Amino acid sequence: MDTLHESHFPHTPRPMTDQIDTLLTEQRSFSPDASFQEAALGAADLYAAASTDRLAFWADQARALDWITPWKEVLNWTLPHARWFDGGQLIVAANCLVRLLHGPRRQKAAIMWDGEPVDRRVYTYWDLAREVGRAANALKTLGVTKGDRVAIYLPMIPEAAIAMLACARIGAIHSVVFGGFSAESLRDRINDAEAVALITADGGYRRGQVVPLKRFADEAVVGCPSIRDVIVVRRVGGGEGGASETFASMTEGRDHWWHRLLEHASADCPPEPMEAEDILFILYTSGTTGAPKGIVHTTGGYLTHTTATTKYVFDLKDEDVFWCTADVGWVTGHSYVVYGPLAHGATIVMYEGAPDWPDRDRFWSMVATHGVTVFYTAPTAIRAFMKWGPSYPAKHDLSTLRLLGTVGEPINPEAWIWYHEQIGKERCPIVDTWWQTETGGIMITPLPGVTTTKPGSATKPFPGIEAELVDAQGRPMAGGGGFLTITSPWPGMLRTIWGDDQRYQETYWSRFPGRYFAGDGAKLDEDGYWWILGRVDDVMNVAGHRIGSMEVESALVDHPSVAEAAVVGKAHDLKGQAIAAFVILKEGQTASPSLRDDLRDHVVGKIGAIAKPEDIFFCGDLPKTRSGKIMRRLLKDIAEGRTLGDTTTLADPAVVSRLKEMYGEE
Ligand code: WT7
């Protein structure tokens, strides 16, 4: 699955009933917090402004950036191809770095970084600008020029952000590959983009172990004819001739130490002006089928979208300390670790390692140490914290926090409430932000101080974003369950799939002609709130009723014994599909037939008999991709007693073999 050899995947239309039945109803709601009134005043106007004149609204947002040449046209739209701010020119690195440099704030911290082994570095905006300038000059000396692709395969270290910004400074297109991917995945991505250079590190730390990135990079690059140079950041080695050699053997003529190149490079690198529609980066994303797609993002629109959303969704103030826990290998790391916050001159926190290293309170100890005020993480992490119990956050002073966010998957209402109570101490609004690699920035989200939130709902489209619910025939629906579509172009949208525009058109614009559809089911409630039900591939059809896996999962997680649950539809003679649930119990709970019955009853109680799980498998772990998404496809294989599909994208392949051993014969 995770290879680039087949360039098209067959578009297999699924039989669909007209709508998705939604059965879980969440009644709790939380009014906007009075302490966010300042944000509220600005934001209330935003909705009005955007609905009066959408393009003027986005143009206003774009004006918050520094342009060297004004655009001629806000939007040029020839379905499905958009050009935003055409004719405009801007300098990305200038927008992200230089804004603070000429004032008294140039020694403001830009990046406060913690390595996993508890080492620490702080870069001021001044430091960061100089490092970026050096790195940009280093790339130039290696002959990297505007439009060249540079692959970045690094741990979460400051050099990752520096490398991205250095590419932007010279107009090179970066393609960041998550450091947890294998050599083979890296190779496929490098080859698809035909990258000329690779920036990697000798290694990185994860749960106390060294991840030998350079070895993987060497393995990958053997099969990458386009790569001329490999630049290696020394992260784990203590000095040349030291430990690093065990992790990085350098190939003469091809490999260069980052610190050696930068040592000789000038910090002064005149930035390359970028056209608004010049490509800023490519980021690969795996679909449920087919080869990973190189999602293409351009410059002016992307920066406009990410800076506007950073400002209004996270209510960023000069004194904030913003921590988005995502890795730069994912789009969240691009948009809300690097580009959005740095364009605001914000102080960001970056962390290299695992949340449970050296102990399960690492995140909370960092929040306290750095005085984090705005914290943005994923539901999968929140569920892990829930499972570990409230004693870990309770050990630390979290009183600096004032706003919390989540992204990546639907958040179960119980996880939302836990986050609200245990982390936010019932003080901090929660922004549940729906978006995708393809959308570039946040699309559906509450605005703090403005939006009444409901646990589990991403609430309403961001101003200037137009979303519409449709049924399987593409007919607009006023409410109920259906398919989430976006009806008009937005600045941060993907422009195409690298090297495969046809696949771009087929994947996103053909299911509902004229509309963008990237595969999520959703429901719209009586207040016009959006509830994302997850990918439609995860939606089950039980006796003609379409039920989101997430709803059943939430019901299970709502049970006091359950820490995490994943639900799939398994083939069933009578019902079409029956529900199979994989359940992880909280620590101290024991699996038993009576608990199984109890859980079934609990789901029936929460949702109704239609959602009663046929099978409940207790397990210690769930098969997840390295980005933390549950691989339901594999669970389906297990539930249906089939041979396993491709497991190469799993974070821990042993999880499925254990599950197979336990339940394969059932
Ligand atoms: C898919 C996109 C956006 C950065 C991280 C993931 C799911 C994302 C939410 C949310 C419910 C969500 C959707 C979407 N998703 N955010 N707040 N509520 N679902 O990026 O890997 O491109 O995945 O993640 O299913 O389509 P991605």
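A few points on the structure.

The rules behind these values
Residues numbered from 1 in each chain as written. Predicted model: local features only at pLDDT ≥ 70, side-chain atom pairs only at ≥ 80, totals over all residues. Heavy atoms only, no water. Axes fitted to C-alpha atoms, helices over the stretch in contact; angles between N-to-C directions. Helix = DSSP H or I, 4+ residues; strand = E, 2+ residues; numbered from the N terminus. Parallel < 35°, antiparallel > 145°, perpendicular 65-115°, else oblique. Contact = heavy atoms within 4.5 Å. Nonpolar A, V, L, I, M, F, W, Y, C, P; charged D, E, K, R; others polar. Near = heavy atom within 4 Å. Polar contact = N/O pair within 3.5 Å; in protein donor to acceptor, adjacent residues only side chain to side chain. Areas by Shrake-Rupley, 256 points an atom, 1.4 Å probe, with all protein chains shown as cover. Salt bridge = Lys/Arg side-chain N within 4 Å of Asp/Glu carboxyl O. Buried < 20%, exposed > 50% of the residue type's maximum accessible area, 1.4 Å probe, protein only. Right-handed = clockwise from strand over helix to strand, strands pointing away. Pairing = 2+ DSSP bridges. Core = buried A, V, L, I, M, F, W, Y, C linked by side-chain atoms within 4.5 Å. Phe/Tyr/Trp six-rings, centres within 6.5 Å; stacked < 30°, edge-to-face > 60°. Lys NZ or Arg CZ within 6 Å of the ring centre and 35° of its normal.

**Considerations on the packing of helix α1 (residues 37-52) against helix α2 (residues 54-62)**
So, step 1. Contact geometry for α1 and α2: axes closest at 5 Å, N-to-C directions at 125°. One way to sum up the angle between α1 and α2 is to call them oblique. Note on element contacts: α2 touches α1 through R54, F57 and Q61, opposite L46, A49, A50 and T52.
So, step 2. Split by residue class, the contact of α1 with α2 holds four nonpolar, two polar and one charged.

**Remarks on the site of the ligand**
So, step 1. The environment of the ligand is formed by 17 residues, the closest being D432, T433, Q436, T437 and D520.
So, step 2. One of the backbone nitrogen or oxygen atoms of E409 is found 3.3 Å away from a nitrogen atom of the ligand.
So, step 3. The contact in question runs from an oxygen atom of the ligand to an N or O atom on the side chain of T437, over 2.6 Å.
So, step 4. Burial of the ligand by the protein chains amounts to 89% of its free accessible area of 550 Å².
So, step 5. For the shell around the ligand, the secondary-structure elements that each account for two or more residues are α11 (331-343), β21 (430-433) and β26 (530-535).
So, step 6. For the shell around the ligand, the class distribution of residues is six nonpolar, five polar and six charged.

**Concerning the pattern of salt bridges**
So, step 1. Enumeration according to the criterion identifies 36 salt bridges in this entry.
So, step 2. In this structure, the salt-bridge partner of R260 is E263, at a minimum N-O distance of 3.0 Å. Highlighted residues: R260 and E263, both in helix α9 (residues 258-263), separated by three residues, approximately one helical turn.
So, step 3. Overall, the relative accessible area of 37% leaves R260 in the partly exposed class.
So, step 4. Under the relative-accessibility criterion, E263 is labelled partly exposed at 49%.
So, step 5. Between D471 and R475 there is a salt bridge, with the nearest N and O atoms lying 2.8 Å from each other.
So, step 6. Judged by its relative accessible area of 7%, D471 falls in the buried class.
So, step 7. Through salt bridges with shared partners, a single ionic network connects K214, D218, R254 and D255.

**Description of helix α15 (residues 413-423)**
So, step 1. Counting buried positions along α15 gives nine out of eleven residues, so the element sits mostly inside the fold.
So, step 2. Those residues of α15 lying buried are P413, E414, A415, W416, I417, W418, Y419, H420 and I423.
So, step 3. Just past α15, the residue K425 takes up positive phi, approximately 45°.

**Focus on the environment of I423**
So, step 1. Considering the arrangement of structural elements, one finds I423 in helix α15.
So, step 2. Relative accessible area serves as the criterion here: at 0%, I423 is assigned to the buried category.
So, step 3. Along the sequence, I423 and W364 sit 59 residues apart, while their C-alpha atoms lie 8.8 Å from each other.
So, step 4. Not counting residues within four places of it along the chain, the set of residues in contact with I423 comprises W364, P393, L398, L401, L404 and W418.

**Quick word on the pairing of strand β7 (residues 149-153)**
So, step 1. For β7, a buried count of five out of five residues is recorded, marking the element as mostly surrounded by other parts of the structure.
So, step 2. Alternating positions in β7 separate into two faces, R149, A151 and Y153 on one and V150 and I152 on the other, with burial throughout.
So, step 3. Following the chain from β7 across helix α5 (residues 158-170) to the adjacent parallel strand β8 (residues 173-176), one finds a crossover that is right-handed.
So, step 4. Where β7 lies against strand β9 (residues 197-201), four bridges are found, and the strand directions are parallel.

**Some remarks on the pairing of strand β3 (residues 81-86)**
So, step 1. In the sheet, strand β2 (residues 73-78) pairs with β3 via five bridges, with the strands oriented antiparallel. For N76, the partnering residue across the bridge sits in β3 and is R83.
So, step 2. Linking two consecutive strands that pair antiparallel, namely β2 and β3, is a turn of two residues.

**Description of the nonpolar core**
So, step 1. L198, F314 and Y339 are the most contacted members of the largest nonpolar core, which totals 141 residues.
So, step 2. It is α5 that contributes the most residues to this core, ten residues altogether.
So, step 3. Residue contacts for F314: discarding those within four places in its chain leaves T309, F322, Y336, V374, Y376, R402, L403, V431 and I442.
So, step 4. Residues W416, V562, L599 and I616 belong to the second largest nonpolar core, which totals 69 residues.

**Comments concerning the sheet that holds strand β22 (residues 467-470)**
So, step 1. One open sheet accounts for four strands, arranged β22-β23-β25-β26; its pairing is antiparallel. A strand with exactly one partner marks an edge of an open sheet, and here the two such strands are β22 and β26. Taken pair by pair, the neighbouring strands of this sheet meet at an average axis angle of 40°, ignoring direction.
So, step 2. By the bridge criterion, five bridges tie strand β25 (residues 520-524) to β26 in an arrangement that is antiparallel.

**Here's the deal with helix α16 (residues 501-509)**
So, step 1. Where α16 is concerned, the buried positions are R503, Y504, T507, Y508 and W509.
So, step 2. Contacts made by the buried residues of α16 are with β2, β3, β16 (293-298) and β24 (496-497).

**Structural notes on the packing of aromatic side chains**
So, step 1. The tally for this structure, following the rule as stated, stands at 35 aromatic pairs.
So, step 2. Geometrically, the ring pair formed by F178 and W330 is tilted, given 4.6 Å between the ring centres and 35° between the ring planes. Residue F178 is located in the loop between β8 and α6 (183-193), and its partner W330 is located in the loop between β17 (321-324) and α11; the two are separated by 152 residues in the primary sequence.
So, step 3. Exposure remark for W330: the relative accessible area of 22% places this residue in the partly exposed category.
So, step 4. Taking the centre distance of 6.1 Å and the plane angle of 90° together, the rings of Y351 and F363 count as edge-to-face. Within this pair, whereas Y351 is found in strand β18 (residues 347-351), its partner F363 is found in helix α12 (residues 362-370), the two being separated by twelve residues in sequence.
So, step 5. Owing to a relative accessible area of 6%, Y351 belongs among the buried residues under this scheme.
So, step 6. We classify F363 as buried; its relative accessible area is 6%.
So, step 7. Within the aromatic cluster, the residues linked to one another by ring pairs are W323, Y351, F363, W364, F375, F385 and W388.
So, step 8. Taking the ring centre of Y529 as reference, the NZ or CZ of K454 above it sits at 4.5 Å.
So, step 9. Residue placement shows R511 over the ring face of F483; its charged tip is 5.8 Å from the ring centre.

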